[in-house]
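Single-letter residue listing:
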Amino acid sequence: MGIRTRLTEELGITVPILSAPMGFVAGGKLAAAVTAAGGLGVIGGGYGDADWLDREFAAAGNARVGCGFITWSLAEQPELLAHVLAHEPAVLMLSFGDPSPFAQAIRAARSQLICQVQTIAHTRAALACGADIIVAQGSEAGGHGAMRATLTLVPEVADLLARESPATLLVAAGGIADGRGLAASLMLGADGVMLGSRLWATPECLIHPNHQRAALDSDGDGTIRQTAADIARGYEWPEEFTGRVLRTSFVISWHGREAEHRAAAEAARPAYLAAVAQGRTEASGVFVGEAIGLMRGVSPVAEIIARMTEEAEVLLRERGPALVT
Ligand SMILES: Cc1cc2nc3c(=O)[nH]c(=O)nc-3n(C[C@H](O)[C@H](O)[C@H](O)COP(=O)(O)O)c2cc1C
């Protein structure tokens with residue numbers, strides 16, 4: 001049994017699963033657990049903090065892991081790239097912004113360059129700077145993203161790669177949380193998947209258990225794309241991206257009142273950040289995706305990856321042939 005794809009071959013892994021570089025919450029322990037389970041773990045470098053990154057690479061121990069950055073934020077402190085490349089990450093992932101200023105340094109360090117894209121235009125930009133792997137992220141995803149859905153974006157990107165850059169690998173992201181999502185992504189033309197929300201609900205993730213419980217008590221209708229959580233934290237995201245979060249009282253009270261919120265946010269910031277850290281979910285913006293509707297509980301990374309792979313194997317082996325007359 002096993003699922004072998006170009007991604008498993010290229011990265012030397014045994015299951016075609018990468019973990020998402022979820023800012024602040026995907027630390028070294030989570031990344032190392034994903035690698036130990038046969039995939040490849042990616043530390044969430046997020047907005048970039050050298051001390052946090054050093055600590056989390058140390059927490060990953062000797063495990064082979066990668067790291068991801070929010071590209072527009074990295075552009076504001078580009079020296080962080082060399083800092084992280086010194087840790088010899090297996091892959092360096094860039095999302096949300098122009099990857100071209102960083103591509104050469106990543107290649108020179110012999111890290112594979114992964115670009116996460118949300119549109120066909122982003123895909124072309126990633127190919128132009130020589131991305132080894134494209135992650136096509138649909139709007140179902142937790143955290144930041146854009147408007148295209150996984151179901152059409154992934155095969156459209158697969159077609160583009162087949163025509164123009166057949167050696168580039170494709171990974172699907174956004175709404176994938178079980179064996180059905182993995183099997184379907186492979187059918188859409190992806191070489192593997194990237195999991196965020198599903199691995200967020202694990203003990204290895206650096207997130208308050210109250211937030212996990214609230215997400216699991218909700219369903220797939222319980223999230224929304226918005227900007228309130230970024231205004232509250234003081235991050236100025238490019239307009240094309242919004243963040244998918246739980247529909248908490250905090251988010252719903254500010255959504256649609258952005259100008260008013262901007263005026264009030266600075267004074268309220270310490271209280272807001274304390275609410276998030278202390279697990280007061282209804283007073284927080286909690287980044288997570290529609291996949292919460294497919295998740296039953298908090299489980300260890302190893303269990304999630306083993307179950308998901310097993311489910312996908314059964315589907316690919318049995319359901320396909322059973323449907324064809
Ligand atoms: C809590 C959370 C934080 C995230 N932070 C980042 C980030 O800092 N950088 C990034 O490239 N993607 C980030 N993402 C998006 C993921 O890379 C990925 O596209 C997404 O999780 C996939 O969809 P899923 O959540 O349905 O699995 C985040 C996602 C979540 C859930």
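Keep in mind it's a predicted model, so treat the numbers as computed, not measured.

Let us now look at the overall build of the protein. Looking only at helices and strands, one finds 15 helices and 11 strands in the protein. The C-alpha atoms of the protein give 19 Å as radius of gyration, which agrees with the globular expectation for 325 residues (20 Å, within 12%). For the protein, with 325 residues in total, the buried portion stands at 50%. Within the protein, contacts between residues separated by at least 24 positions form 65% of all contacts whose residues are at least 6 apart in sequence.

Below, the discussion takes up the site of the ligand. Contacts to the ligand come from 30 residues, most closely from Gly23, Ala141, Gly142, Gly143 and Gly196. Broken down by secondary-structure element, the contributors of at least two residues to the shell around the ligand are strand E2 (41-46), strand E3 (65-70), strand E9 (192-195) and helix H10 (197-200). Looking at the shell around the ligand element by element, the count peaks at 3 residues for H10. Partitioning the shell around the ligand into residue classes produces 14 nonpolar, 14 polar and 2 charged. When residues of the shell around the ligand are assigned to domains, at least three fall in each of domain 1 (6-206 + 296-319) and domain 2 (209-290).

Let us look at the sheet that holds strand E7 (residues 143-145). Read from one edge of the open sheet, 3 strands run E7-E11-E10, paired in antiparallel fashion. Across the chains shown, the open sheet's two edge strands, defined by having one partner strand only, are E7 and strand E10 (223-226). Averaged over neighbouring strand pairs, the angle between their axes works out to 30° when direction is ignored. Here E10 pairs with strand E11 (residues 242-246) via 4 bridges, running antiparallel. Pairing of Arg225 across the sheet is with Arg244, part of E11.

It is worth spelling out the sheet that holds strand E1 (residues 17-19) at this point. Taken together, the 8 strands give an open sheet; going across it, the order is E1-E9-E8-E6-E5-E4-E3-E2, and neighbouring strands pair in parallel fashion. Of all strands in the sheet, those with a lone pairing partner are E1 and E2, marking the two edges. The average angle at which neighbouring strand axes cross in this sheet is 25°, direction not considered. In this sheet, strand E5 (residues 112-117) lies alongside strand E4 (residues 91-95) in parallel orientation, the contact comprising 5 bridges. If you follow Leu94 over to E5, its bridge partner there is Cys115. Most of the contacts of helix H7 (residues 120-128) go to E5, to which it runs at about 165°, and overall it touches E5 and strand E6 (133-137).

Moving on: the domain arrangement of the protein. Interfaces are often described in size by the accessible area the parts lose on coming together. In terms of domain boundaries, the protein breaks down into domain 1 (6-206 + 296-319) and domain 2 (209-290). Relative to domain 2, the C-alpha centre of domain 1 lies at a distance of 24 Å. Each partner contributes residues to the interface: domain 1 has 17 residues there, and domain 2 has 13 residues. Listed by contribution, the elements that provide at least two residues to the side of domain 1 that touches domain 2 are E7 and H10. Its residues assigned to classes, the side of domain 1 that touches domain 2 comprises 7 nonpolar, 9 polar and 1 charged.

Further remarks concern the packing of helix H2 (residues 28-36) against helix H15 (residues 301-323). The N-to-C vectors of H2 and H15 enclose an angle of 40°; their axes lie 9 Å apart at closest approach. Seen from above, H2 lies across H15 with right-handed handedness. Contact residues: Leu30, Ala33, Val34 and Ala36 in H2; Val301, Ala302 and Ile305 in H15. Of the residues that constitute the contact of H2 with H15, the class distribution is 7 nonpolar, no polar and no charged.

The next subject is the environment of Ala322. Looking at where Ala322 falls in the secondary structure, it is placed in helix H15. In this structure Ala322 comes out as exposed when scored by C-beta crowding, with 8 C-beta atoms within 10 Å. Sequence separation of Ala322 and Asp98 is 224 residues, and the distance between their C-alpha atoms is 45 Å.

Scoring rules and cut-offs
Residues numbered from 1 in each chain as written. Predicted model: local features only at pLDDT ≥ 70, side-chain atom pairs only at ≥ 80, totals over all residues. Helix = DSSP H or I, 4+ residues; strand = E, 2+ residues; numbered from the N terminus. Rg over C-alpha atoms; globule rule 2.2 N^0.38 Å. Buried ≥ 20, exposed ≤ 12 C-beta atoms within 10 Å, placed from the backbone. Contact = placed C-beta atoms within 7 Å. Near = placed C-beta within 6 Å. Nonpolar A, V, L, I, M, F, W, Y, C, P; charged D, E, K, R; others polar. Domains from an automatic or database assignment. Pairing = 2+ DSSP bridges. Axes fitted to C-alpha atoms, helices over the stretch in contact; angles between N-to-C directions. Left-handed = near helix turned anticlockwise from the far one by under 90°.

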